[in-house]
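An overview of the molecular structure
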Amino acid sequence: MALRVKALESLLVEKGLVDPAALDAIVDHFEHKVGPRNGARVVARAWTDPAYKARLMEDATSAIAELGYAGGQGDHMVVVENTPKVHNLVVCTLCSCYPWPVLGLPPVWYKSSPYRSRAVIDPRGVLQEFGTELPPETEVMVWDSTAEIRYLVLPERPAGTEGLDEAALAGMVTRNGMIGTARL
Amino acid sequence: MNSVHDMGGMHGLGPVAPEADESVFHHAWEGRMHAINIASPTRSNIDAGRHRRERIPGPDYLRMTYYEKWYAGAVEGLLTHGLVTPDELASGKAAPGAPKATPRLSADMVEGALGARGSYLREVASKPMFLVGDAVRARNLNPLGHTRLPRYVRGRLGVIEAARGAHVFPDSNAHGLGEDPHHLYAVRFTARELWGEAADPRDSVCLDLWEPYLERA
């Protein structure tokens, strides 16, 4: 594949269809500028600032843009909140839709056939494989990303974190916590 | 189309296998492939791109990695749009005398382009047919073309959870037939409605479905 992609790139460059420096910049963007740290900042802000959380639940796209995160695969954001009663889990059964501006590119398992096929029919089995146990009374709500709406899970704030500031809280938020395969 | 990409609810595809400390790209070519897709002149229509990947023959689709599918979809798109020829692809060289285009994206445009807020929301004259709380049934549609109505909800009863406004309709847009926007709703189905009495009575699945996929129940 490395050779085929290289051949494709040189052909497209020769024909003036892509600029190799632009490709470098795109790779750099996805390796260094987006990733779960962005989403973690959104979550930590929501935990510490009730007015921000209200805006996030009302219009997530705008509230996320307040922190400087926007762009493709994040054009229509919806935040779903975990509570003791409901646990949210995000999947894309038809392809691999994922909120790039806040989580970066998805991990291989998220894009894989096993996750895409099983998250909707056996969410509790999938959660168990991630080591995630739910309280018996908790409902599971699976969000299948079939349109251009992209979902971000707002995890429950861990107990005993009352004294932590926003930056310390952001450090506790994991990618899987924002997909819903983990609880924090 | 009822191809293997529509895999919600299938069994037998193996265990979920998370990797520890996974890197963004596993090989340099994956990053190049991802970037080529974003910079490509065929990028404009996301639905057509998805349809190209779901038309990869099922046995190949299941075998291929994510970026191998993107390569296949990109090549198909470039050929379909006449941007490259099969001979050029085979040789990796532009045909003699082929016109030279100007790239859509230059390096200094990348951050702006990737951070630009786009929208699939459109104004439509029609009022939404359904309100939050309405009971609906997903239609039993089996189009040969592109659709975002998964098989596992067809014919099933659900409830409107949220109204999303009118969005570009993939079933039309993927085929170059225009955006044809329709009202979009989050529709909630109970796990028991989808998977039968053995399913957990506490659980639900919510999908974003366009009005033409739904009928009043």
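Going by the structure above, here's the rest.
The text that follows walks through the structure, step by step, so that each part is easy to find. (Residues numbered from 1 in each chain as written. Chains lettered and ligands numbered in written order. Predicted model: local features only at pLDDT ≥ 70, side-chain atom pairs only at ≥ 80, totals over all residues.)

What to know about the overall build of chain B
Helices and strands together make up the secondary structure of chain B, namely eight helices and five strands. Reading the helices (α) and strands (β) of chain B from amino to carboxyl end gives α-α-α-α-α-α-β-β-α-β-α-β-β. Taken along the three principal axes of its C-alpha coordinates, chain B extends 60 × 45 × 35 Å. Within the span of chain B, comprising 217 residues, buried residues form 39% of the whole. (Helix = DSSP H or I, 4+ residues; strand = E, 2+ residues; numbered from the N terminus. Buried ≥ 20, exposed ≤ 12 C-beta atoms within 10 Å, placed from the backbone.)

Considerations on the overall build of chain A
Within chain A, the regular secondary structure consists of eleven helices and four strands. With respect to the principal axes defined by its C-alpha atoms, chain A has extents near 60 × 35 × 25 Å. Residue burial in chain A is summarised as follows: out of 184 residues, 55% are buried. Within chain A, residue pairs in contact and separated by at least 24 positions form 71% of the contacts whose partners lie at least 6 positions apart. (Contact = placed C-beta atoms within 7 Å.)

Focus on the interface of chain B and chain A
Residue-level contacts link 73 residues of chain B with 65 residues of chain A. Secondary-structure elements contributing two or more residues to the side of chain B that touches chain A are α1 (28-39), α2 (46-54), α4 (66-80), α5 (86-91), α6 (107-115), β2 (157-167) and β4 (204-210) of chain B. When residues of the side of chain B that touches chain A are assigned to their parent elements, the largest contribution, nine residues, is made by α1 of chain B. Of the residues assigned to the side of chain B that touches chain A, the class counts are 39 nonpolar, 16 polar and 18 charged. Bridge count between strand β3 (residues 139-144) of chain A and β4 of chain B: four bridges; the pairing is parallel. (Nonpolar A, V, L, I, M, F, W, Y, C, P; charged D, E, K, R; others polar. Pairing = 2+ DSSP bridges.)

Some details on the sheet that holds β2 of chain B
Strand order in the open sheet formed by seven strands is β2(A)-β3(A)-β4(B)-β3(B)-β2(B)-β1(B)-β5(B), with mixed pairing between adjacent strands. In this open sheet, the two strands that pair with only one neighbour each are β2 (86-91) of chain A together with β5 (214-216) of chain B. Sheet twist, expressed as the average angle between the axes of neighbouring strands with direction ignored, equals 35°. Judged from the three bridges that link them, strand β1 (residues 135-138) of chain B and β5 of chain B form a sheet pairing that is antiparallel. Note that in β5 of chain B the partner of Ala138 of chain B across the bridge is Leu214 of chain B. (Axes fitted to C-alpha atoms, helices over the stretch in contact; angles between N-to-C directions.)

Brief notes about the packing of helix α1 (residues 2-14) of chain A against α1 of chain B
Packed helices, taken two at a time, are described by the angle between their axes plus the distance between the axes. Running from N to C, α1 of chain A and α1 of chain B point in directions that differ by 35°, and their axes come no closer than 9 Å. Every pair of crossing elements has a handedness; the one defined by α1 of chain A and α1 of chain B is left-handed. For the pair α1 of chain A and α1 of chain B, the contacting residues are Ala2, Val5, Leu8, Glu9 and Leu12 of chain A in the first and Trp29, Arg32, Met33 and Ile36 of chain B in the second. Within the contact of α1 of chain A with α1 of chain B, the residues separate by chemical class into seven nonpolar, no polar and two charged. (Left-handed = near helix turned anticlockwise from the far one by under 90°.)

Re the packing of helix α2 (residues 20-33) of chain A against α1 of chain B
Relative to each other, α2 of chain A and α1 of chain B sit at 115°, their axes nearing to 9 Å. On the basis of the axis angle, α2 of chain A is roughly perpendicular to α1 of chain B. Seen from above, α2 of chain A lies across α1 of chain B with right-handed handedness. Here Ala22, Leu23, Ile26, Val27 and Phe30 of chain A of α2 of chain A come into contact with α1 of chain B, specifically with Gly31, Arg32, His34, Ala35, Ile36, Ile38 and Ala39 of chain B. (Parallel < 35°, antiparallel > 145°, perpendicular 65-115°, else oblique.)

Observations concerning the nonpolar core
In terms of nonpolar packing, the biggest core is built from 76 residues, with Val43, Val142 and Leu152 of chain A together with Val187 and Leu209 of chain B touching the most fellow members. When residues in this core are grouped by element, the largest group, six residues, is from helix α3 (residues 36-48) of chain A. Not counting chain neighbours up to four residues away, the residues in contact with Val43 of chain A comprise Leu154, Pro155, Val173 and Met178 of chain A. Leu23 of chain A together with Trp70, Leu78 and Val84 of chain B belong to the second-largest nonpolar core, a separate cluster that totals 28 residues. (Core = buried A, V, L, I, M, F, W, Y, C linked by C-beta atoms within 7 Å.)

A word on the pairing of β3 of chain A
All names here are of chain A. With five of six residues buried, β3 lies mostly within the body of the structure. Relative to β3, β2 runs parallel, the two being bridged by six bridges. In the sheet register, Leu89 faces β3, and the bridge partner there is Val142.

Things to note about the environment of Tyr61 of chain B
Residues and elements named next belong to chain B. Among the secondary structure elements, Tyr61 is positioned in helix α3 (residues 58-63). For Tyr61, a count of 19 C-beta atoms within 10 Å gives the class partly exposed. Residues Tyr61 and Arg104, 43 residues apart in the sequence, show an inter-C-alpha distance of 29 Å. What Tyr61 contacts, discounting residues up to four positions off in sequence, is Val4, His5, Ile56 and Lys69.

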